[in-house]
Amino acid sequence: MTYTEINMCLESLVSGVPHRTANLANAAALLYQMLPDVSWAGFYLTSPTADGQMLVLGPFQGKTACIEIPWGRGVCGTAAQTRRTQLVPDVHAFPGHIACDAASRSEIVVPLFDANGAVAGVLDLDSASPARFTEEDAEGLEAFARILEKEVFGRA
Ligand code: SME
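Residues numbered from 1 in each chain as written. Predicted model: local features only at pLDDT ≥ 70, side-chain atom pairs only at ≥ 80, totals over all residues. Heavy atoms only, no water.

1. Quick notes on the side chain of Asp-137
Here is step 1: If you trace the backbone, Asp-137 turns up in helix H4 (residues 135–151).
Here is step 2: With residues up to four places along the chain from it excluded, the contact list for Asp-137 reads Tyr-3, Ile-108 and Arg-132. (Helix = DSSP H or I, 4+ residues; strand = E, 2+ residues; numbered from the N terminus. Contact = heavy atoms within 4.5 Å.)

Next comes the structure, spelled out in structure tokens:
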């Protein structure tokens, strides 16, 4: 399936559905089912803490994963802090990468923004193949993220 098709599917799955967890669960399942060679697909969501913010595991497909990721740590925390997509061809070369699954070799993380422009969470995909994700994936997943921001996080 192309990203154009995946993103059309996502629109029809989530539009008008007022249930955040259900929408994110279906979004994770859609990516996991439709993209080849993906070992994990899901979300970490921003959660306030006494001394700042934290990413907490959200709906996902794949093996069990770490529950809390500090802001600025790992690939996910870096995407949240820098507000930029992180395309990581070799996770072993990424300083501070958090290995939830020892078999993971490459990763892409896209930040998600809420109505105020704050980082609501991140979309994370892993693969057991090195350099699985390309610029084409980054573009397709950023378009996927824009749909979720509008339909799930209330961004105009
Ligand atoms: N590898 C991620 C942690 C999350 S798992 O991949 C599901 C990171 O470094 O942030």
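2. Some points on the site of the ligand
Here is step 1: If you check the shell around the ligand, you find Trp-40, Tyr-44, Ile-69, Gly-74, Val-75, Cys-76, His-97, Ile-98, Cys-100, Glu-107, Asp-124 and Asp-126 and nothing else.
Here is step 2: His-97 is positioned with one of its side-chain polar atoms (N or O) 3.3 Å from a nitrogen atom of the ligand.
Here is step 3: Note that an oxygen atom of the ligand is positioned 3.4 Å from one of the side-chain N or O atoms of Asp-124.
Here is step 4: A total of 310 Å² of accessible area belongs to the ligand in isolation, and the protein chains cover 98% of it.
Here is step 5: Elements represented by at least two residues in the shell around the ligand include exactly strand E1 (40–49), helix H3 (74–82) and strand E6 (119–127). (Near = heavy atom within 4 Å. Polar contact = N/O pair within 3.5 Å; in protein donor to acceptor, adjacent residues only side chain to side chain. Areas by Shrake-Rupley, 256 points an atom, 1.4 Å probe, with all protein chains shown as cover.)

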